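Secondary and tertiary structure notes
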Amino acid sequence: VYTSSAFSAEAQNYFDRLDTAGDTTYVDYKQPLANYIDSLVTLGGAYWDTMQSAASFVGVGIQGITVPLRDGMTVPTQNNFVAADLDQLTGLKGNLSSKWIDTNISGQTPDQDDNSISTYATEVNTYLNYYLSTGGALGATHIYPASPTNLTCRISGAGAAVNATPLHFAGATRSAASVMNIRANGTDFPNTTTSIQQLTDNFNVFGRPNANRTDARLATYHIGPALNLATLEGLQDTLITEIAAI
């Protein structure tokens, strides 16, 4: 296990778990990854302490895509991704059918009226498939690119379509039963649709459970309590920019 006082305890813990997973690719990208983690730690709360699921698909090898950012988060399960699907600078690419990640987080794990989700797409090829989803029925939470200019986000079963390109950061956050916000293209789209009880199916990345899988390329995702999506977007923009500069 690599140890160094050059990094914070939280960043080093992530690196140690990447080592344990057998990832060596991440070593070249330690500083951007550490900067990202340290920024999340500084914010604390929903950005780190209580965030429920998050992983980086940039700056790591294929062994690292299911290593959570924070120790104690549920470990996701990846299905059928191989090293050729991964670009360290831009992330992990789906294939519309057999490749997805089960976060092992139930759709009802986040509080119905205190939750948030996001993905960061660096490439979009085929629409009408899901980036992140608990299903297609009432009560679903998902990020869904319906067309090149239409993005639908539902959170606790309620949401809206917004006129936005489903590329780069996209997410939704809910801080009360009728207080939610969708963010895409660097723009906030407030929405007052009232929440309903969530589905129990696990959150899947690169599709919804058993269907509608995407061939997009994703750099990262998160699931957790409500937070400021613009703040998280800024940190992820910085992560991707710093990794691309190496």
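What this report covers is the structure whose coordinates are included nearby.

Cut-offs applied
- Residues numbered from 1 in each chain as written.
- Predicted model: local features only at pLDDT ≥ 70, side-chain atom pairs only at ≥ 80, totals over all residues.
- Heavy atoms only, no water.
- Axes fitted to C-alpha atoms, helices over the stretch in contact; angles between N-to-C directions.
- Helix = DSSP H or I, 4+ residues; strand = E, 2+ residues; numbered from the N terminus.
- Parallel < 35°, antiparallel > 145°, perpendicular 65-115°, else oblique.
- Left-handed = near helix turned anticlockwise from the far one by under 90°.
- Contact = heavy atoms within 4.5 Å.
- Nonpolar A, V, L, I, M, F, W, Y, C, P; charged D, E, K, R; others polar.
- Salt bridge = Lys/Arg side-chain N within 4 Å of Asp/Glu carboxyl O.
- Pairing = 2+ DSSP bridges.
- Buried < 20%, exposed > 50% of the residue type's maximum accessible area, 1.4 Å probe, protein only.
- Core = buried A, V, L, I, M, F, W, Y, C linked by side-chain atoms within 4.5 Å.
- 1 Å grid on protein atoms, 1.4 Å probe; cavity = no way out; pocket = protein on both sides within 12 Å on 5 of 7 lines; lining within 4 Å.
- Points joined across faces, edges and corners; volume = space filled by probe spheres on them.
- Phe/Tyr/Trp six-rings, centres within 6.5 Å; stacked < 30°, edge-to-face > 60°.
- Lys NZ or Arg CZ within 6 Å of the ring centre and 35° of its normal.

Turning next to the packing of helix H2 (residues 30-43) against helix H3 (residues 229-244). Two elements in contact, H2 and H3, have axes whose closest approach is 9 Å; the angle formed by their N-to-C orientations is 165°. What the angle tells us is that H2 and H3 run roughly antiparallel. Crossing of H2 against H3: the hand is right-handed. Taking contact as the criterion, the partners of Pro32, Leu33, Asn35, Tyr36, Ser39, Leu40 and Leu43 in H2 are, on H3, Thr231, Leu232, Leu235, Gln236, Leu239, Glu242 and Ile243. A breakdown of the residues in the contact of H2 with H3 according to their chemical character gives nine nonpolar, four polar and one charged.

Let us now look at the pattern of salt bridges. One pass over the structure, following the stated rule, counts six salt bridges. Among the salt bridges present, the one from lysine 93 reaches glutamate 123, with a minimum N-O distance of 3.1 Å. Taken together, the residues lysine 93 in strand E4 (residues 91-93) and glutamate 123 in strand E6 (residues 115-123) connect sequence positions 30 residues apart. Here arginine 217 makes a salt bridge to glutamate 123, at a shortest N to O gap of 3.3 Å. Here glutamate 123 lies in strand E6 and arginine 217 lies in strand E15 (residues 217-224), a separation of 94 residues in the sequence. One network of salt bridges, in which partners are shared, links Lys93, Glu123 and Arg217.

Turning next to the sheet that holds strand E5 (residues 100-106). The strand order E2-E5-E14-E7-E8-E9-E10 describes an open sheet built from seven strands, whose pairing is antiparallel. With one partner strand each, in any of the chains shown, strand E2 (77-79) and strand E10 (158-162) form the two edges of the open sheet. Of the strand pairs in this sheet, strand E7 (residues 132-133) and strand E14 (residues 202-205) are connected by two bridges, and their pairing is antiparallel. Note that in E14 the partner of serine 133 across the bridge is asparagine 204.

Looking now at the pairing of E15. Among the eight residues in E15, eight count as buried, and that is most of the element. With seven bridges connecting them, E6 and E15 associate as antiparallel partners. Bridge pairing in E15 links glutamate 123 to arginine 217.

Looking at where tyrosine 14 falls in the secondary structure, it is placed in helix H1 (residues 9-21). In this structure the C-alpha to C-alpha distance between tyrosine 14 and alanine 146, which are 132 residues apart in sequence, comes to 35 Å. If near-sequence neighbours (up to four positions away) are discounted, tyrosine 14 is found in contact with Leu33, Ile37, Ser56, Val60, Val67, Pro68 and Leu69.

This part covers the nonpolar core. Ranked by internal contacts, the top residues of the largest apolar core, which has 66 residues, are Tyr14, Phe15, Phe57, Ile65, Leu92 and Phe206. Considering each element in turn, this core owes the most residues, six residues, to H3. Excluding its chain neighbours within four sequence positions, the residues that come into contact with isoleucine 65 are Ala55, Ser56, Phe57, Val60, Gln78, Phe81, Leu86, Leu92 and Ile101.

If you walk through the whole model with that rule in mind, you get one cavity of 30 Å³ or more. In this structure, the largest cavity encloses a volume near 40 Å³. No other element matches E6, which puts three residues into the lining of the largest cavity.

Right, let's get into unusual backbone geometry. In this model, asparagine 185 sits at a positive phi of 55°, which is unusual for a non-glycine residue. Position of asparagine 185 among the secondary structure elements: in the loop between strand E12 (179-184) and strand E13 (187-191). The backbone phi angle of asparagine 212 is positive, close to 50°, even though this residue is not glycine. Relative to the elements of secondary structure, asparagine 212 occurs in the loop between E14 and E15.

What follows deals with the packing of aromatic side chains. On inspection of all chains with the given rule, the structure shows seven aromatic pairs. Chaining the aromatic ring pairs together yields one cluster made of Phe7, Tyr14, Phe15 and Tyr26. Above the plane of the ring of tryptophan 100 lies arginine 213, whose end atom (NZ or CZ) is 3.6 Å from the centre.

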